[in-house]
Each structure stands twice: as structure tokens, then as C-alpha cells.
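Reading the structure
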Amino acid sequence: MSTAALLGQDPGWLILVKGLLIFVFCVVCTLMAVWGERRIVARMQMRLGPNRVGKFGLLQALADGVKLALKEDLIPAAADKVVFIIAPIISATTCFMAFAVIPFTGTVTLFGHKTAMQLTDLPVSVLYILAIASIGVYGIVLAGWSSGSTYPLLGGLRSSAQVISYEVAMGLSLVAVFIYSGSMSTSEIVAAQHKWWFSVILFPSFVIYVISMVGETNRAPFDLAEAEGELVGGFHTEYSSLKFALFFLAEYVNIVAVSALATTLFMGGYHALPGLTFTEGWLGGWFTLFWFIAKVVSFFFLFVWLRGTLPRLRYDQFMKFGWKVLIPTSLVWILILATLRVMSQRAVSRIIVMGFSVGVVLLVVLITTMYDRTTAKAKAAAVLPDLPLPSFPIPALPGQLTVNHLTIDQTQVVTELENHNG
Amino acid sequence: MLHNSFHFALTVGRTATPEAVQFWILAPLAVIAALGILVVKKAVHSALLMAWVMVTLAIFYIAEDALFLGIVQIVVYTGAVMMLFLFILMLVGIDSSESFVENLKGQRIPSIVAAIGLGGLLVSLLGRATVSAPAAGLVAANAEGNVQGIAKLLFTQYVWAFEVVSALLITAALGAMVLAHSQKVRSPFAQRDLSIARFRKSSLGDAAGLPASGVFARRNAVDVPALLPDGSPAPTSVSQTLRSRGDIITSAPFALEAIEEQED
């Protein structure tokens, strides 16, 4: 029986129980994620991180939450009051909605009912998640606009530009999954990955999705909407108390949501790792929940790792990367993939398919080498002839490169310096 | 595949109870919001109400078994309203309210005629679709799957209309960009221009810049005018904004003589 048909038999109370379980899962995930992030980042920076409240500091996030709730709730005089209050509510409600279509386990028995741990399944569930995500952004943009202050407005505008550009890349990376699985329903996409995970067959799409999911959730190195070095707190500068806590909650639930979507679409969903498929029957099918959570947690670790490693991008670099790298790459990749798919459906002979693939690879290699050559030539022409010999540290003039710039051949600089110094 | 919890619609011409309930709750809200688009003062509020109308319509579509259309409605129109939002900020200004000054003279009558014409066109189209044509029913429309059915229509029968609409939208977007992007690369009153203007004036009194505010060593805040050598306050040393707001205090109590008198 298909998952959709199985879910159609759920009695009303079971749907309510599942909804409640999903809500609890998200809130607990947020508490654990805040603690986990602080501990992991601390470890990467050779600190200890929160370790006082509860065992290993596990209750730190809870304590912080209580403290936030007891703070004074301020609404700036220049704020647009209604929108100012609605904005965090939009953020915090939409972030939970994506979980309605995420399959947590395969078929299991819950209170004597045979069902799947998934609230509902739509024929277009992945599009549904995209729709919910695009409503969620309204929370951030409206918060920025309604604060009646400059920095939040800048943060909100950045966020809207960011989401519009990275949602295109994300949608394009999902198209490859739709083409390959022949469906937009999450449970059917998981079923289609029974043999091979899409992160293997559709590797370029996977990479594009992972990059754009970091952009979508406003996380480092793409956290330009709340860049604290430039915009104080970005869109949430004017927020305090519970309203701020709602934005905080939404951010972490969104991280878990995009990680869960990545797991579902590319990492085989709740299926076990290759070679361990015998574990899927353990505990009456409930053991698959462990695999799902393990995959989501590894994606979360990736988020924290990125934050601990990479500096924030400059805004123009970020936009250029989205529009000039991610989107064209996705488009070309979808063209190639669709061609291959049509070939395999029409049973074109294997030689033609191989010839097409080899041709594409050769073309890519050729274009990249030519691009590298021309840029290297341009750089060599621009830099090397009148290389300034720095006698003392002075800032470079426009168009001039300093010695520690990466593009300069280091050995040549060293020899020239030696000649200069005798 | 389509047997999901959103299966509300029944055979042609009948309405299921849940669908009727959601209609009588959401439809008035949608109509109120739609009227609100015209009534509210701030352009951003109009945009928000617009988003609400679009989301309500999407819920109607979903309840009518047009799942794909409903979801795509949300994806497309939330993005579109977001663009509208940005256009408002770029073209009209952040806190703009509607002004009733007519920029184009005599546009009122042609626009009323055009609006009535468009309304008549829409009503006649809807009438032709609902009254004369026999309804096929949702079961027949979704026979090959909801997504597949729409895809077939879009890429065969309506492909030309679709392309034309997309061209129209791109034109509108480009037009808005051209209008928003001003040709002035820099402000006419850049530092250089201001400097030149200072030297072109009849007196070279403040060619080196305006005097700084405050009475040296006594009170250097921006709300105290500086004292000139003859003991009179220098009005140009405080900001015009502060002066017009009445937020400046006199500098006499901070002058050296006044302090000395106090100490004596």
C-alpha cells in the first residue's frame, strides 16, 4: 500500500497526535541545536562552551529561553505596530508547517494503527515546502520594514533579495530530483532512492541544494540579513523578549526543516546507510527514525561547521555567486540530465548515451581550461610587469596588488625582493 | 496518488459541507481584504492585503482539488507580492501614503471607461465558462493526474498565451527597473562641488569650513553655539535642524567671563 493511501486511513485523533509529536520534535530539536551549536563552535575555537546549567550544560538553551520570555517587551515608537507584531508570528508558524510532509519513518504501528510517521502526503509536497518557505520570508522582510529604523530595513531588504535569488537556485536543484524520481511527493521520492541515493546520482544538484539551503536559512557564511558587524542585528535589531525568541525559534526550526528536506530528497530519507538495510526492520520499523535523525543531525553539524570555518561573504560576492554561478550551472545540469533521461526512456543505444556523456565532460573540461587560461593571462598582464616592490607596508592603490595577494607567483616575489635587498 | 485528505469536492454542482464551511469563513475575509487594498493608506499595507487575498485564493483552489494550482499560486504570488513590496520601497518610498494629486490631467474618464470595460470582459468570460459550457467535472479533469493535466494544457493549447504573458511581465519588470534606477551617478552636491561653491561666494569667511560648535573647555556639545572673538555667539556653528527645532541653548553662561564672575 502506498504511503498516501496509508495516511488516508488515519483517524482524526491520530492526525492530531502526529501533529503534536512533530511540534514537540521541532521544539526539542531547537533546544538541542542551540546547545549543540554553542558547544561545537566552542570546541572549534578551543573553548568549553556552556557547561553549567544541567549535565554538560544541556539545559542552557532552556534557561536562556526562560530569561528571554521574562525580558521587557519593547515596541519602538516609529514602528508600524500591527505588522511589527504579525512578523514574528508569520516566521514562527510557517517554519513548523514544512514538517507536515516530511516522512520520518517507514510503515510503523502507532497506538495499534498501521501508519507512517508523516502528517500528510501531497502529490506536490516538495512544492508545498517551497511555498511555505516563501511565506516564511515575509516574517523577516516585514520585521525589517515595520521596525521603522534603518538597520532593520536594510536587513529585511537584503533578506528578500537573498531569498528571491537563492530560491531560484534551490528550485532548479529540485527539478533534477523531480525528473529522476518522476514525482513531487516526498514519500515517493524516498521510495525512488531505495537503490541509489540522489546525492550520488544527482551530485551537482545536491551540491547546489546544500549551498542554497544555507542561503535560504540566513546562516553563516550567508547571514547578510543579520550581519552583526554591519547591521547591528539586522532585521531583528528592534525586537526583544518573546518576539525575538520567536525569530530565534524560527531560525533553528528552519535549519532542521531544510536539513530534513535534504535528507528526504538526497540522502535516502529514513532508509538505512548502504549495507545496513537489515536494521530497517528493528523495533517494528521504528529504528528508521534513528537513521532519519542521524542524517538530519549530520546536516546540522555541517551548518555549524560552516559557521565556525567561513567568514561572511560580501554582499556583491554573494549575489554574483547566486546569479552567475549557481543558477547557470543548475540550468546546464538540468538540460544534460533531461537529455539523458529522455535517452534512457526511449531506449537509445548505449553507445550514443556514452558518446553524449563523454562529449559533455570534454566540453566542460575544454571550457574551464580556456576560462582558466584567459583569466590567468589577464591577471599576468595586469600584475607582473610593474610589480611594486614594497619597502614598507603601504595600502595598495586601486588596481595594484599587494605582495601577499594569492595571484602573484610567490617565488618570483621572493627573488625580486632578494635582488632588491642585495 | 490523489486520494489525500484534501479530497473535498464532490460531483459537479454539489458542495460538500467542509468545503461550504471553509468558503463561508474564508470568502468574506478575502473580500474584506480585497476592499482593504483600495482603502488603506500605506502602499505596503495594500501589498500585504494582496498577499492575503492570494493565499486565500490558493486555499480555495486546493479545496477544489486543484492542488498543484493552489501551491503554485502561493509560490508565484508570494514572490510577486514581494517584488511589489520592493518596487514600493524603490519607486514610492518607505513610508509613502497615497496622494490624491492627479499627475496626468484628464485621465479620470478614460480610466473609468477602461475599468468598466475590463470588468465587463471578465464577467462575460466567467459567464461563458460557467453558464453555457457544460462542466466536465474534477474527476475528468484530474484523470491523468492533476499536475500532468495542467502540464498538457499549458504546453499545448495555451503555450502561446503563456509566452505572451511572460513577455508582458518581463517588460513591466524592466520598466520598473528603468524608472527606479536614476541616471544620476552621484549627488550634484558632492564634497568637491560644495568646496568650489564655498570659494565662489562673495565672502571667503567660511571658506575653510563652518566653525565647530561648543565653547572650548566648558561645553562642547552640538547644541551650544561657538563664541566669536568678540564674545558674540556664532550662529553657523550649530546645525540648522537643531536651531529650527529650538533645541539649542545659549552659550553665554559658558563664556570665560561668566565663569570667572561665578567663581568670584
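Residues numbered from 1 in each chain as written. Chains lettered and ligands numbered in written order. Predicted model: local features only at pLDDT ≥ 70, side-chain atom pairs only at ≥ 80, totals over all residues. Heavy atoms only, no water.

Another aspect to go through is the overall build of chain A. Looking only at helices and strands, one finds 15 helices and two strands in chain A. Of all 422 residues assigned to chain A, the portion counted as buried reaches 46%. For chain A, the share of sequence-separated contacts (at least 6 apart) that also reach a separation of at least 24 residues comes to 75%. For chain A, the exposed area adds up to about 21,500 Å²; of that, 70% sits on carbon and sulfur atoms. (Helix = DSSP H or I, 4+ residues; strand = E, 2+ residues; numbered from the N terminus. Buried < 20%, exposed > 50% of the residue type's maximum accessible area, 1.4 Å probe, protein only. Contact = heavy atoms within 4.5 Å. Areas by Shrake-Rupley, 256 points an atom, 1.4 Å probe, with all protein chains shown as cover.)

The subject of this paragraph is the interface of chain A and chain B. Interface size is commonly expressed as the accessible surface area that is lost when the partners come together. The interface is formed by 25 residues belonging to chain A together with 28 residues belonging to chain B. For the pair chain A and chain B, the summed buried area comes to about 2,200 Å², and 81% of that belongs to carbon and sulfur atoms. By the criterion of area lost to chain B, the three top residues of chain A are P123(A), Y138(A) and W145(A), representing 29% of everything that side buries. Where chain A packs against chain B, one counts zero salt bridges. Across the contact surface, chain A and chain B share three residue pairs in polar contact (both at pLDDT 80 or more). (Buried area = accessible area lost by both parts, 1.4 Å probe. Salt bridge = Lys/Arg side-chain N within 4 Å of Asp/Glu carboxyl O. Polar contact = N/O pair within 3.5 Å; in protein donor to acceptor, adjacent residues only side chain to side chain.)

Enumeration according to the criterion identifies two cavities of 30 Å³ or more in this entry. In this structure, the largest cavity spans a volume of roughly 430 Å³. What lines the largest cavity is a set of 27 residues, and nearest its centre among them are A133(A), G136(A), E216(A), T217(A) and N254(A). Listed by contribution, the elements that provide at least two residues to the lining of the largest cavity are α4 (81-97), α5 (125-146), α6 (150-181), α9 (203-216) and α11 (241-266) of chain A. Across the lining of the largest cavity, the residue classes tally to 17 nonpolar, seven polar and three charged. Its volume calculated, the second largest cavity comes out at about 70 Å³. Taken together, S134(A), V137(A), S160(A), V163(A), I164(A), E167(A), T78(B), G79(B) and M82(B) form the lining of the second largest cavity. Of all elements in the fold, only α5 and α6 of chain A together with α3 (67-92) of chain B reach the threshold of two or more residues within the lining of the second largest cavity. No other element matches the four residues that α6(A) contributes to the lining of the second largest cavity. Along the lines of polarity and charge, the residues of the lining of the second largest cavity split into four nonpolar, four polar and one charged. (1 Å grid on protein atoms, 1.4 Å probe; cavity = no way out; pocket = protein on both sides within 12 Å on 5 of 7 lines; lining within 4 Å. Points joined across faces, edges and corners; volume = space filled by probe spheres on them. Nonpolar A, V, L, I, M, F, W, Y, C, P; charged D, E, K, R; others polar.)

The share of residues in chain B with pLDDT of 70 or more is 81%, and the mean pLDDT across the chain is 78. Here the prediction assigns the complex a pTM of 0.75, and the interface score ipTM is 0.73. (pLDDT = per-residue confidence, 0-100.)

Right, let's talk about the confidence of the model for chain A for a bit. Taken over all residues, the pLDDT of chain A has a mean of 83, while the share at 70 or more is 90%. Summarising per-element confidence for chain A, the mean pLDDT is lowest in helix α15 (residues 410-421) of chain A (59) and highest in α4(A) (91).

For the rest of this paragraph, the subject is the environment of Q162(A). Residue and element names in this part refer to chain A. With respect to the secondary-structure elements, Q162 resides in helix α6. Accessibility expressed as a relative area gives 0% for Q162, which makes it buried. C-alpha of Q162 to C-alpha of F318: the two residues are 156 residues apart in sequence and 8.4 Å apart in space. Not counting residues within four places of it along the chain, the set of residues in contact with Q162 comprises G215, N218, F222, L224, A225, Y315, F318 and M319.

As a further point, take the nonpolar core. Of all hydrophobic cores here, the largest spans 116 residues; its most connected members are F99(A), V124(A), Y209(A) and M213(A). Beyond its immediate stretch of four places on either side in the chain, V124(A) contacts M184(A), L67(B), F68(B), I71(B) and V147(B). (Core = buried A, V, L, I, M, F, W, Y, C linked by side-chain atoms within 4.5 Å.)

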